[in-house]
Amino acid sequence: MQSPVPDQPGLMAYLVKHTPSELELLFQRAAMLADNESIRSHEPVVFILHGDETFAFLNANAEKNAHLISLAKALDDKRVIDVKVCEIWMQANGVSRDELPAFIDTVPDGPALGRQLRAAGYLYF
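Q: Explanation requested: the pattern of salt bridges in the structure shown.
A: In this structure the tally under the stated criterion is four salt bridges. A salt bridge links Lys84 to Asp82, with the shortest nitrogen-to-oxygen separation between them at 3.0 Å. Side by side, Lys84 and Asp82 carry an identical accessibility label, which is buried. Residue Lys84 pairs with Asp105 through a salt bridge whose shortest N-O separation is 3.6 Å. With Lys84 in strand β3 (residues 81-86) and Asp105 in strand β4 (residues 105-107), the pair connects residues that are 21 residues apart, well separated along the chain. Looking at Asp105, the relative accessible area reads 31%, which means it is partly exposed. Linked by salt bridges that have partners in common, Asp82, Lys84 and Asp105 make up one network.

As structure tokens, then:
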């Protein structure tokens, strides 16, 4: 018997130079997709941060961006999104792992991960 929901490719967002309010809109869009079972991917939307938008997630900016960070954490907890930060960007900007919330993952090379996901069939979100 076939599954009522066909297998769908995963979704990813490769982000550079987005504002915190733009990120919040993208997270809300991911939440809406997750609520729609007919189009929902079974995997979380992978958000690869490789630019200055990462500063919004630093613990030092947590109070200023509390709503964005709490939304991202709630969506991560529900497996709607999976936020990843590029370690090359972190090194170039003097950001260490302990400056990010625990729910955010890091990846050695954001652009390389983006290419790998595209090659695996992920679509841009």
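Read on for the rest.
Q: Would you mind going over helix α1 (residues 20-35) with me for this structure?
A: Since one α-helical turn is 3.6 residues long, residues separated by three or four positions face the same way. With 16 residues, α1 extends 23 Å between its outermost C-alpha atoms, agreeing within 8% with the 22 Å of an ideal straight helix rising 1.5 Å per residue. If you check which residues of α1 are buried, you get Leu23, Glu24, Leu26, Phe27, Ala30, Ala31 and Ala34. On an axial view of α1, the arc spanned by its buried residues comes to 160 degrees, and they lie on one face. Facing away from the buried side of α1 by more than 90 degrees, the exposed set consists of Leu25, Met32 and Asp35.

Conventions and cut-offs
- Residues numbered from 1 in each chain as written.
- Predicted model: local features only at pLDDT ≥ 70, side-chain atom pairs only at ≥ 80, totals over all residues.
- Heavy atoms only, no water.
- Salt bridge = Lys/Arg side-chain N within 4 Å of Asp/Glu carboxyl O.
- Buried < 20%, exposed > 50% of the residue type's maximum accessible area, 1.4 Å probe, protein only.
- Helix = DSSP H or I, 4+ residues; strand = E, 2+ residues; numbered from the N terminus.
- Expected span 1.5 Å × (residues − 1).
- Arc of directions from axis to C-beta.

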